[in-house]
Amino acid sequence: MRLLTHNMLTSHVKGAESGYPLILEAAEVILRNVDFNPEFIKRMLSKVNWDVLYQTAKAIGHLNDIPEQLQPNVENDEEFLRKAHHVLLEVEVKEGHLICPTSKKKFQISNGIPNMLLGEESSS
Amino acid sequence: MDYPTPSISHLSRKPYVNYVYDAAEDTFLFMDALQNDAILPLICIEVGSGSGAIISFISKILGPECYYMATDINPIAANCTIDTAKLNEMPQCEVIITDLVSGLKDRLTGNVDVILFNPPYVVTPSKEISGNGIEASWAGGENGREVMDRLFTIVPQLLSPSGLFYLVAIKENYPDEIIKTMKMVGLSGEIILSRKAGRENLFILRFDKENSLS
Ligand SMILES: C[S@@+](CC[C@H](N)C(=O)[O-])C[C@H]1O[C@@H](n2cnc3c(N)ncnc32)[C@H](O)[C@@H]1O
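In this report, we go over the structure that sits alongside the text. (Residues numbered from 1 in each chain as written. Chains lettered and ligands numbered in written order. Predicted model: local features only at pLDDT ≥ 70, side-chain atom pairs only at ≥ 80, totals over all residues. Heavy atoms only, no water.)

The next thing to look at is the pairing of strand β1 (residues 43-47) of chain B. Residues and elements named next belong to chain B. In terms of residue burial, β1 counts as a mostly covered element, since five of its five residues are buried. Covered by surrounding structure in β1 are Ile43, Ile45 and Val47 together with Cys44 and Glu46, the residues of both alternating faces. Taken together, the five bridges between β1 and strand β2 (residues 67-72) define a ladder with parallel strand orientation. The residue bridging Cys44 from the neighbouring strand is Tyr68, located in β2. Note on the crossover from β1 through helix α2 (residues 53-62) to β2: the handedness is right-handed. (Buried < 20%, exposed > 50% of the residue type's maximum accessible area, 1.4 Å probe, protein only. Helix = DSSP H or I, 4+ residues; strand = E, 2+ residues; numbered from the N terminus. Pairing = 2+ DSSP bridges. Right-handed = clockwise from strand over helix to strand, strands pointing away.)

Rendered as structure tokens:
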């Protein structure tokens, strides 16, 4: 699971007030080489919750110097886009847990795949 | 243009054989329909990715400028999707074990450009829909609609203004009625491909938001 995916995931435990962001516990992190695609990063930035990305990257020790606040006019800042690219796509959590911020329910990440099943599926 | 069928030879071996839905006529008809459409999406989600053949296939069409996410309720299928993605050198495929799109709904509301679903569509007693093993790949309950119907209510929220939803269905699911139902939630749809495969009459349906003049 990449940090971009973590950025999109919410816990849906019933009754939990807010399931976002999930707390990320990384037991094993791997770094991948992903082709840098500035257009993709630029388009994706508008969908990213930057604060959550920053805090999560920091918590698992892979901040890679990204700024705490997203600056305006980053479109032409290649250095910044490369750092964002690394944090969003190249840091992959292989083993670990996601924890619902309110209910504290733990979801396992194994082989890079988070298991969000609650064990009582059928509701949506 | 013809895109190569992803390699999924590992499906005939452990741990996948008998536990993951093997690519079949429905899968191939789905591929035929997808390669005819050219779009420029940013986020693409396949629900119930099974072997991973479809998400790997569409990544060849849409290329590296799109973020691919796949879900499956069957953990073995989720692992298989990852293996298929790797084997076919897919740039990035994120897989989540979940029910339909649970966990992705809130943040992705209005942001998904392509949603793909080849659902469990076989007509079965309702009680057969419960597990998350191989039976989940076909058991569709009443009219084969029970699982897909649950996704239908979520799709309009998830789709971006120019987003597209692709669905596999069979005659017993009443595709025309599906189109009518979706119309009521603001999606217009049509049958874009159909094929008779043995006893199955397969259909590929495509939906978009009515006001999008794309
Ligand atoms: C007909 S198979 C399609 C597999 C593959 N996409 C293909 O086209 O060959 C249906 C898939 O949906 C999955 N599935 C069934 N119910 C689901 C649910 N509620 N949430 C997520 N996936 C589900 C099954 O595990 C299975 O992999």
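Quick look at the site of the ligand now. All names here are of chain B. By nearness alone, 21 residues border the ligand, and Thr27, Asp72, Asp99, Leu100 and Asn118 come closest of all. Between Thr27 and the ligand, the recorded distance is 2.7 Å, taken from a side-chain N or O atom to an oxygen atom. Between a nitrogen atom of the ligand and a side-chain N or O atom of Glu46, the distance comes to 2.9 Å. Coverage of the ligand by the protein amounts to 98% of the 600 Å² it exposes when considered alone. Broken down by secondary-structure element, the contributors of at least two residues to the shell around the ligand are α1 (25-34) and α5 (146-152). Residues of the shell around the ligand, tallied by class, amount to eight nonpolar, eight polar and five charged. (Near = heavy atom within 4 Å. Polar contact = N/O pair within 3.5 Å; in protein donor to acceptor, adjacent residues only side chain to side chain. Areas by Shrake-Rupley, 256 points an atom, 1.4 Å probe, with all protein chains shown as cover. Nonpolar A, V, L, I, M, F, W, Y, C, P; charged D, E, K, R; others polar.)

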